[in-house]
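Secondary and tertiary structure notes
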Amino acid sequence: ETLAYMGIAWIHAGEIEKGRPLLARGLEMSRTQASPTLTSFLSYAAQLAVLDHDHPRARALLDEAVKQSLESQSLFDLVKGQLLRQDTGCTTARPLFAKALERAIADSERWAQTMATIELAACEIEAGAVGEAKPRLEAELAWLTKVGADETIRARLQATLGTIK
């Protein structure tokens, strides 16, 4: 599990190529050990496949995660939304991002909350709903700054804010 968590940390820090092999090895080890965190690792691996535009692999990983007991429904919804956004656009993905955000808040999953906030706001901006997106992004950025979050994640949020015209 430690390998997978290290991979996830590198990926979150923007060092995808450093994190990729660690996540892959940790995922394989979790499969053989029936780890309780397997579904989270599958969801993170699916998210990486979405970033790679490898939709068949992303779907296969999500399907495998569904067969397990989902420990992080908000992360699962987030990745499903990201895949759907790439496939069909924001209009269809936006409800999944809203659902992921709602679940992340309810389950106190801060990373999933931040990522769902960014994804949902990007879709709101695309739809012209800047009045919904801007305060959500500003509140999240204020919280990230307050807790001293990594610059990489703050930069991603700031870039989304920067798309508001």
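Relevant structure appears above.
The present account deals with the structure reproduced in this document. Note that this is a predicted model, so its numbers are computed, not measured. (Residues numbered from 1 in each chain as written. Predicted model: local features only at pLDDT ≥ 70, side-chain atom pairs only at ≥ 80, totals over all residues. Heavy atoms only, no water.)

As a further point, take the overall build of the chain. Within the chain, the regular secondary structure consists of nine helices and zero strands. Each helix (α) and strand (β) of the chain, taken in turn from the N terminus, gives the series α-α-α-α-α-α-α-α-α. Taking 2.2 N^0.38 as the reference for a compact globule, 165 residues should give roughly 15 Å; the C-alpha atoms of the chain span a radius of gyration of 15 Å, in line with that estimate. Per-residue burial over the chain gives 46% buried out of 165 residues. Restricting the contact set of the chain to residue pairs at least 6 apart, pairs at least 24 apart contribute 52%. Within the chain, one finds 19 positive and 22 negative side-chain charges whose respective centroids are separated by 2 Å. (Helix = DSSP H or I, 4+ residues; strand = E, 2+ residues; numbered from the N terminus. Rg over C-alpha atoms; globule rule 2.2 N^0.38 Å. Buried < 20%, exposed > 50% of the residue type's maximum accessible area, 1.4 Å probe, protein only. Contact = heavy atoms within 4.5 Å. Lys, Arg positive; Asp, Glu negative; His and termini not counted. Charge placed at Lys NZ, Arg CZ, Asp CG, Glu CD.)

Take unusual backbone geometry next. One non-glycine residue, histidine 53, lies in positive phi territory at about 60 degrees. Within the secondary structure, histidine 53 sits in the loop between α3 (38–51) and α4 (55–67). Among the residues examined, histidine 53 registers a relative accessible area of 58% and is labelled exposed.

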